[in-house]
Amino acid sequence: MAVTKTITKCTPYENASSKVDKWDIEMKYENDSEGDSTYYTSTFSTTVNQVDPRTSATNFTLKAKSSWTNANLVAICPVSQWDTVFASQVDSVITNPPVESTPDSAFNVPS
């Protein structure tokens, strides 16, 4: 399964010092190539604050938006969690899709 991960959207939020203190990031996952029988796509999104408001943990260092690279953005995304979800989606839709039941229109109600 060849999975491609691409950041399709990222929106920086700058503080008064012109440093990014929050990102909205969207990443598209694609399994194989469009048109293949095993093709599947899903998009994930996250908002990452410089400081996690729940735990006070620092997620990234404040810096200008021009200093960020694609690798920096990927690093602050929950990629391992998204990998697990995407693999599960592919398994349930492509690898082991639900079996469709077949109606028996000739069935007669027993008397």
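See the structure above.
Residues numbered from 1 in each chain as written. Predicted model: local features only at pLDDT ≥ 70, side-chain atom pairs only at ≥ 80, totals over all residues. Heavy atoms only, no water.

1. A closer look at the packing of aromatic side chains
At step 1: One pass over the structure, following the stated rule, counts six aromatic pairs.
At step 2: Pairing tyrosine 40 with phenylalanine 86 gives two aromatic rings, centres 5.8 Å apart and planes at 45°, and the pair type is tilted. One end of the pair, tyrosine 40, is in strand E3 (residues 40-49); the other, phenylalanine 86, is in helix H2 (residues 79-95), and 46 residues separate them in sequence. The two residues tyrosine 40 and phenylalanine 86 agree in class, both being buried.
At step 3: For the pair phenylalanine 44 and tryptophan 82, a centre-to-centre distance of 5.5 Å together with 15° between the ring planes defines the contact as stacked. Residue phenylalanine 44 is located in strand E3, and its partner tryptophan 82 is located in helix H2; the two are separated by 38 residues in the primary sequence. Comparing phenylalanine 44 with tryptophan 82 shows no difference in burial state: the two are buried. (Phe/Tyr/Trp six-rings, centres within 6.5 Å; stacked < 30°, edge-to-face > 60°. Helix = DSSP H or I, 4+ residues; strand = E, 2+ residues; numbered from the N terminus. Buried < 20%, exposed > 50% of the residue type's maximum accessible area, 1.4 Å probe, protein only.)

2. Side note on the nonpolar core
At step 1: Judged by nonpolar contacts, the single largest core of 18 residues is most densely connected at Trp23, Ile25, Met27, Tyr29, Trp68 and Ile76.
At step 2: Those elements that provide at least two residues to this core are strand E2 (20-31), E3 and H2.
At step 3: For this core, the leading source of residues is E2, giving five residues.
At step 4: Setting aside residues up to four positions removed in sequence, tyrosine 29 forms contacts with Val3, Thr4, Lys5, Tyr40, Thr41, Ser42, Phe44, Val79, Trp82, Asp83 and Phe86. (Core = buried A, V, L, I, M, F, W, Y, C linked by side-chain atoms within 4.5 Å. Contact = heavy atoms within 4.5 Å.)

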